[in-house]
Amino acid sequence: MKGLLHIILKHRYGVPFALLLFVVVNVGAGFVPLRFDLTSEKRYTVSPATVSLLRELSAPLEVTVFLTGEFPAGFRKLQASTQQLLSLFKQLQPAQFRYQFLSPGSSSPNGKSWGDSLLDRGALNINLTVQKEAGQSSNIIFPVALVSYGGQSQLISLFPGASRSISQTELNTAEALLEYQFVSAIEKLLHTTKPGIAYETGHGEPVDESTYQLRMALQGDYELRTLDLTRQPAVPQGVDLLLIVKPTLAFAESEKFKLDQFVMRGGKLLCFIDNLYAEMDSFARKPDLVAFDRGLQLDDLFFRYGARINTDLLMDLRCEFTYVQVGGTATQPQNEFLPWNYFPLLSAAEGKLRTPGYIGTRFAHSIDTIAVPGIKKYPLLISSERARTISTPALVSLNENSTVPDNALFDRAAVPAAVLLEGSFPSLFKNRASLAQLDAWKASGQTFRTASEKTAMIVVADGDVVLNEYIPLLDASGQIDSRGGMEPVEMGWNKYTRFETLTQGPAGKYFIPVANREFLLGAVEYLVSDPALAEIRSKELVLRLLDGPLVKEQKLRWQLLCIGLPLLLLALGGAVYQWWRKQSYAG
């Protein structure tokens, strides 16, 4: 190093050469960017699925971001993260990828302001209160972006929600979903054919208003239809995914045969199954119920594929609250909000389909996996570390809520309640189908298969995960609307605690906005789209907060280390350099 400095300083062209080298290196770095992502969650790394998708662009793709204006620190960070992500996209596909940031107040091509045009397209704006020296000011922002390609466009939300009270956790989640939001929109613009989803209705599955949020979640991006297996000779072509939600009637052998052969031809199954009859409505008549087997006759089918939904009830100390009568009389009941261990809050297992947040369930069961050659099993949803199961016939009593549960009984951890099965599945009807079944199947134009091509299915041991409840409609003041009416709550949300939140009741503190909708969308996307896109959705950024008391205790130490030490090293380096110059030029 000393010799290099000597050459640069002594040689006639040393300094100009050093300056030229500095310029060349910096210009070259602009064309060949070099990055090292040292974060454990790969926060600054674009996924391989994103790289592959951007390479498919054959025409210019334009992204217009409207997250501009005067923001608090959290939204400035979201804006900077969006800018950084789009610049990475631009580096991957510089010829076809373009982006810009525009003010919502600027004019759009249709003559309106961009803000009005975005509202017409269904965009949600946020009224933020910004603190200034002169007081507070209200600022309407549009945390949205418009992605355009081939004459079509997709509106995406950079911050899902429109609340004035925004937490750092929500902003962190929005930042984690940025890549997925953009990639999902680009994927829809590139691949315009919608996958087909059939909702089975022939076995007592709910078709009433409890499926409203399910339909709203799927019908925009998928061709959603209903299918009655009892009437159809086979699952029709064009159905990529068969959705079975909380059946209550038994499946005949002929109907299981149709399900089996749908899987054999590569079809995907997404099943939400209640093996036991246990409903909160039963408590309207008496304070306890006996949970009993529904007799769906699906056990042998799932067992053949590598899973067994147990005839038990999963209980967990991490659970929802429910509103129950704890005393009083029939005319003057005494009701309270109490934890209900039969409504476990499940979390995503490590691995595939990591859904941020809890998944709300109602009388869920445990699932066991069976060793089947060629089938890989992955748990998706698991209980907390303080769970238990009770076998059928199980007595469930409302009186359990009025007493503190015996914690010693809750000694099971990470009990699986949903599994993903992948591979080549063996047919349940191999060497079992009757000659009449095979002849009828052939007569309908179908080919009997004894093993499937590579496919996948997800089995969830609770039928209520994707259903929604209703609460009374509220007016602008937050009171029950005098005109009456009901409105749906989000999929899986607790109607009692949600109502308390909206009316600012004391039990609103128990409300947990569970991520059932996100789990459903992630599961569907994994099964019928590129599985890598679902993995992008499950990306999670860890919020690493400082320990307040420890920071206060070690404040001076870290100030000296981070500020004082660099200054000391700089002064020391300068002193050494001056000493070296004196020694070099002394003679």
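A.B. asks: I keep staring at the side chain of glutamine 181 and nothing clicks. Help me out?
C.D. replies: You can see glutamine 181 is positioned in helix H7 (residues 178-190). Look at glutamine 181 and you get buried, because its relative accessible area is 18%. Among the polar contacts made by the side chain of glutamine 181, one reaches the main-chain carbonyl oxygen of serine 157 at a distance of 3.2 Å. Glutamine 181 has contacts with Ile156 and Ser157, leaving out every residue within four places of it along the chain.

A.B. asks: Would you mind going over the sheet that holds strand S2 (residues 97-101) with me for this structure?
C.D. replies: Within a beta sheet, neighbouring strands are joined by backbone hydrogen bonds and run either parallel or antiparallel to one another. The strand order across the open sheet built from four strands is S2-S1-S5-S6, with neighbouring strands paired in mixed fashion. Pairing within the sheet leaves two strands with one partner each, and these edge strands are S2 and strand S6 (152-157). Taken pair by pair, the neighbouring strands of this sheet meet at an average axis angle of 15 degrees, ignoring direction. Of the strand pairs in this sheet, strand S5 (residues 144-149) and S6 are connected by six bridges, and their pairing is antiparallel. Within S6, the residue paired with serine 148 across the bridge is serine 153. Packed onto the sheet, helix H4 (residues 73-92) meets strand S1 (61-65) and S2 and runs at close to 160 degrees relative to S2.

A.B. asks: Quick question: what am I supposed to make of the packing of aromatic side chains here?
C.D. replies: Given two aromatic rings, one states the distance between the centres and the angle between the planes to describe the pair. Inspection of the entire model under this criterion finds 17 aromatic pairs. Between the aromatic rings of phenylalanine 66 and tryptophan 114, the centroid separation amounts to 5.0 Å while the plane-to-plane angle is 50 degrees, which identifies the pairing as tilted. With phenylalanine 66 in the loop between S1 and H4 and tryptophan 114 in helix H5 (residues 114-120), this residue pair connects regions lying 48 residues apart in the sequence. You can call phenylalanine 66 buried: its relative accessible area is 0%. Considering the side-chain rings of tyrosine 277 and phenylalanine 292, the 5.3 Å spacing of their centres and the 25 degrees angle between planes classify their relative orientation as stacked. With tyrosine 277 in strand S11 (residues 276-277) and phenylalanine 292 in strand S12 (residues 288-293), this pair connects stretches of sequence that are 15 residues apart. Look at phenylalanine 292 and you get partly exposed, because its relative accessible area is 45%.

A.B. asks: Mind showing me how you'd approach the pattern of salt bridges here?
C.D. replies: Two side chains that carry opposite charge are able to pair once their charged atoms sit near each other. Following the criterion strictly, the structure yields 15 salt bridges and no others. A salt bridge links lysine 188 to aspartate 221, with the shortest nitrogen-to-oxygen separation between them at 3.8 Å. With lysine 188 in helix H7 and aspartate 221 in the loop between helix H8 (212-218) and strand S8 (223-227), this residue pair connects regions lying 33 residues apart in the sequence. Aspartate 481 is the partner of arginine 483 in a salt bridge, and the nearest nitrogen-oxygen pair spans 2.9 Å. Where salt bridges share partners, they join Lys246, Asp274, Glu279, Arg294 and Asp464 into one cluster.

A.B. asks: Which parts of the structure should I look at to understand the layout of surface pockets?
C.D. replies: By rolling a water-sized probe across the atoms, one finds the places where empty space is left. Estimated volume of the second largest pocket: approximately 890 Å³. What lines the second largest pocket is a set of 38 residues, and nearest its centre among them are Glu279, Met280, Asp281, Glu469 and Lys495. Counting residues per element, the ones that place at least two in the lining of the second largest pocket are strand S15 (319-328) and helix H12 (495-502). Per-element accounting of the lining of the second largest pocket gives the leading share, four residues, to S15. In terms of residue class, the lining of the second largest pocket is made up of 17 nonpolar, ten polar and eleven charged.

Rules and cut-offs
- Residues numbered from 1 in each chain as written.
- Predicted model: local features only at pLDDT ≥ 70, side-chain atom pairs only at ≥ 80, totals over all residues.
- Heavy atoms only, no water.
- Helix = DSSP H or I, 4+ residues; strand = E, 2+ residues; numbered from the N terminus.
- Buried < 20%, exposed > 50% of the residue type's maximum accessible area, 1.4 Å probe, protein only.
- Polar contact = N/O pair within 3.5 Å; in protein donor to acceptor, adjacent residues only side chain to side chain.
- Contact = heavy atoms within 4.5 Å.
- Pairing = 2+ DSSP bridges.
- Axes fitted to C-alpha atoms, helices over the stretch in contact; angles between N-to-C directions.
- Phe/Tyr/Trp six-rings, centres within 6.5 Å; stacked < 30°, edge-to-face > 60°.
- Salt bridge = Lys/Arg side-chain N within 4 Å of Asp/Glu carboxyl O.
- 1 Å grid on protein atoms, 1.4 Å probe; cavity = no way out; pocket = protein on both sides within 12 Å on 5 of 7 lines; lining within 4 Å.
- Points joined across faces, edges and corners; volume = space filled by probe spheres on them.
- Nonpolar A, V, L, I, M, F, W, Y, C, P; charged D, E, K, R; others polar.

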